[in-house]
Amino acid sequence: MRLLIIGTLGGQLTVASKIAMETGASVTFAETVENGLKTLRSGKGADLIMIDVGLDIEALIEHLQHERIHVPVVACGTQSDARAAVQAIRAGAKEYIPLPPDPELIAAVLHAVAADQSDLIYRDEAMAAVVKLAEQVAPSEASVLITGESGTGKEVLARHVHQKSQRAKKAFVSINCAAIPDNLLESELFGHEKGAFTGAVARRVGKFEEADGGTLLLDEISEMDIRLQAKLLRALQERVIDRVGGTRPVPVDIRIIATSNRDLAEEVRAGRFREDLLYRLNVVNLKIPALRQRPADVLELAQHFVRKYAEINGVPARPLSAEARRSLAANPWPGNVRELENTMHRAVLLAQDEEISADAILMPDGSPVRGGGTAEQAAMTAEAVSRSMVGRTVADVEKQLILETLDHCLGNRTHAAKILGISIRTLRNKLNLYAGEGTEIPSPGESRLAAY
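Leaving glycine out, the prevailing phi sign among residues is negative, and the prevailing peptide bond configuration is trans. Positive phi values are uncommon outside glycine, yet Glu220 reaches one of about 50°. As for its position among the elements, Glu220 is in the loop between β8 (215–219) and α10 (226–238). The residue Asn336 is not glycine, and still its phi comes out positive at about 60°. Relative to the elements of secondary structure, Asn336 occurs in helix α15 (residues 336–350). Residue classification places Asn336 among the buried residues on the basis of a relative accessible area of 0%.

Ranked by size, the top nonpolar core spans 32 residues in total, and within it Leu189, Phe208, Leu216, Leu218 and Ile221 carry the most contacts. Broken down by secondary-structure element, the contributors of at least two residues to this core are β7 (172–176), α8 (182–190), β8, α10, β11 (255–260), α11 (264–269) and α12 (275–281). Ranked by the residues each element gives to this core, the list is headed by α10, at 5 residues. If we ignore the near neighbours within four places in the chain, the residues touching Leu216 are Val173, Ile175, Lys207, Phe208, Ala211, Ile254, Arg255, Ile256 and Ile257. In this structure, Leu291, Leu301, Trp333 and Ile356 belong to the second largest nonpolar core, which totals 23 residues.

Now for helix α1 (residues 12–22). For α1, the complete set of buried residues consists of Leu13, Ala16, Ser17, Ile19 and Ala20. Looking straight down α1, one finds that the buried residues subtend no more than 160° of arc, so they occupy a single side. For α1, the exposed residues set more than 90 degrees away from the buried face come down to Lys18 and Glu22.

Conventions adopted
- Residues numbered from 1 in each chain as written.
- Predicted model: local features only at pLDDT ≥ 70, side-chain atom pairs only at ≥ 80, totals over all residues.
- Heavy atoms only, no water.
- Helix = DSSP H or I, 4+ residues; strand = E, 2+ residues; numbered from the N terminus.
- Buried < 20%, exposed > 50% of the residue type's maximum accessible area, 1.4 Å probe, protein only.
- Core = buried A, V, L, I, M, F, W, Y, C linked by side-chain atoms within 4.5 Å.
- Contact = heavy atoms within 4.5 Å.
- Arc of directions from axis to C-beta.

Have a look at this one:
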């Protein structure tokens, strides 16, 4: 756990840091917001920021968002800072910790951040076999490729490999290759010098240097532009990188873990992924089965999420009723663990009785979760879908499929692209075309009623 403390609060934050270090956290200090940003740009990184509530938290969070630095922020202040605490939360701080510091509260916050990053819950033998292989190769320096459908827990397994490795005490740095435009991804990975391009207001160390000595996770690497793949291959082979606008190579010492929800061998055949890069990454392949292929994990994970979200929301951790357990076990969970987690979060909030009943296990639109169904029902559904397509153009059917998938994902473009089996670029181009035709496109976090 890497903790960055910004401000002093008369030395009370120093006391908080000592408590944090007793829990095993490494602590870095910065007196001002600008100094804190310089620390993050330098590559030291942080898993959590604690900041004096009297400083400009809104400016800090705006800079973090603008520079795509993803780290939770916790505000700290005296008991009399109620108004400042409210403003901090509105500005984007995740929590407010009153000072003088309470050791149990500080430890709980650090534990919650660490737990969010490292929960690996499983019981099914299919998943146990994958974890066993992961732990067997973790102490080595071999590159690891983790594959599986969206939402199966690829990043969680990557963190587990890091924690079981020789680099566990060093940084674990993650970057989502699908979430960053191609023209910015190179700078995110390799860093840039001041003035290297418009908007490069200061020197910024990239993820390779930030992860030096530790592990770098390249999440959804199949979305990386093939031209940037060549520069990545050189970095992996020679263990040196070139900052954008830089004049000399920078040596790095990292272990690479990559994830993909696509068949990279097929991507190679299609010319979208370099074969030599695949060989370099795929020394060990950990393939995570879909949640429907490891049924024993469903109830184990559901009970874990009930405990987690009951604690977060300050409500009782109610047991699951027998009917609720049957409903969960029968559902195919196309969104995998991520969908199950969101469903159980809703169930914790909706449950009113002594148990979580099946009535609380609902989809985002309020409908009950889908059971497995019979073969006859499946055939009838397939026939009905086929009849509904007769007389329509391919473009019209494609448009309906894309928009309804985006609805299902609540506007999440990356998730929708993965389900559809297309690149995020292709999806964005399609949505721009539909928007130009006057079609309503859901924003991230939103849905719409299908109009087709």
